[in-house]
Amino acid sequence: MDEEIPKLPRGRGIKLSKPELFRIAMTLTVLVAVIALAKPCAHAVSGFVTSFDTKKPVVKQGSGTEQYEQLKPGMTDEEVKAAIERAKKRAAGQDVGAGAPAGSGAPAGSGAPAGSGAP
């Protein structure tokens, strides 16, 4: 029993140089700064970006589905055509005040061709 039992090597802790300790401290400081400043910076940036939008949101009453004609699977061609005609009549009824006085017989709109006319 003269054999020596090998022992686990024991160190004296982690040996770090001063530049390594400085880098670790700076990394922790930056991490804390990012966490602490994330919300205020995000709020400021969102306020800046949304300040360019000058339009006020338009809120319409109702569900908005009353302006659409429902097309369901299994409809016959006649039913689809009738639904399209109802939608056209409804759209024509809404556009009456857009360009010509109601009942004048003139088509609605300016009469100018669509588009900018640019080549």
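Residues numbered from 1 in each chain as written. Predicted model: local features only at pLDDT ≥ 70, side-chain atom pairs only at ≥ 80, totals over all residues. Heavy atoms only, no water.

Participant: I tried to follow the overall build of the protein on my own but got confused; where do I start?
Facilitator: Counting secondary structure elements, the protein contains three helices and zero strands. The order of helices and strands in the protein, counted from the N terminus, is α-α-α. Across the 119 residues of the protein, 2% fall into the buried class. Counting only carbon and sulfur atoms, one obtains 63% of the accessible surface of the protein, whose full area is about 11700 Å². (Helix = DSSP H or I, 4+ residues; strand = E, 2+ residues; numbered from the N terminus. Buried < 20%, exposed > 50% of the residue type's maximum accessible area, 1.4 Å probe, protein only. Areas by Shrake-Rupley, 256 points an atom, 1.4 Å probe, with all protein chains shown as cover.)

Participant: Please clarify how a nonpolar patch on the surface should be interpreted in this entry.
Facilitator: Among the surface-exposed residues, Ile14, Leu16, Leu21, Ile24, Leu28, Leu31 and Ile35 lie close enough to one another that they form a single nonpolar patch of about 720 Å² accessible area. Here Ile35 lies in helix α1 (residues 18-50). (Patch = residues over 30% accessible without salt bridge, like charges linked within 9 Å, V, L, I, M, F, W, Y side chains within 5 Å. Salt bridge = Lys/Arg side-chain N within 4 Å of Asp/Glu carboxyl O.)

Participant: What am I meant to see in α1 here?
Facilitator: Three- or four-residue spacings in an α-helix give side chains the same orientation, since the helix completes a turn every 3.6 residues. Between its terminal C-alpha atoms α1 stretches 46 Å, which fits the 48 Å expected from 33 residues at 1.5 Å a residue. Along its length, α1 reaches its greatest deviation from straightness, about 45°, at Ala38, and the proline Pro40 lies no more than four positions downstream. (Expected span 1.5 Å × (residues − 1). Bend = angle between axes of the 7 residues up to and from the residue.)

Participant: Sorry, what's going on with the pattern of salt bridges here?
Facilitator: Opposite charge on two side chains lets them pair, provided their charged atoms get close. Counted under the stated rule, the structure contains two salt bridges. Glu69 serves as the salt-bridge partner of Arg86, at 2.8 Å between the closest nitrogen and oxygen. Taken together, the residues Arg86 in helix α2 (residues 77-94) and Glu69 in the loop between α1 and α2 connect sequence positions 17 residues apart. With a relative accessible area of 41%, Arg86 lands in the partly exposed category.

Participant: Sorry if this is basic, but what is going on with the confidence of the model for the protein here?
Facilitator: Predicted coordinates in areas of low pLDDT are best not read in detail. Here the protein shows a mean pLDDT of 77. Residues at 70 or above account for 69%. Of all secondary-structure elements in the protein, the lowest mean pLDDT belongs to helix α3 (residues 96-99), at 48, while α1 reaches the highest, 92. The low-confidence segment residues 96-104, where pLDDT is below 50, has six contacts with residues more than four positions distant or belonging to other chains. (pLDDT = per-residue confidence, 0-100. Contact = heavy atoms within 4.5 Å.)

Participant: Looking at this model, I keep getting lost on the environment of Glu20. Mind explaining?
Facilitator: Looking at the element boundaries, Glu20 is found in helix α1. Within polar-contact distance, the side chain of Glu20 engages the backbone nitrogen of Ser17 at 3.0 Å. (Polar contact = N/O pair within 3.5 Å; in protein donor to acceptor, adjacent residues only side chain to side chain.)

Participant: Which parts of the structure should I look at to understand the environment of Thr50?
Facilitator: Within the fold, Thr50 resides in helix α1. A polar contact is formed between the side chain of Thr50 and the backbone oxygen of Gly47, at a distance of 3.4 Å.

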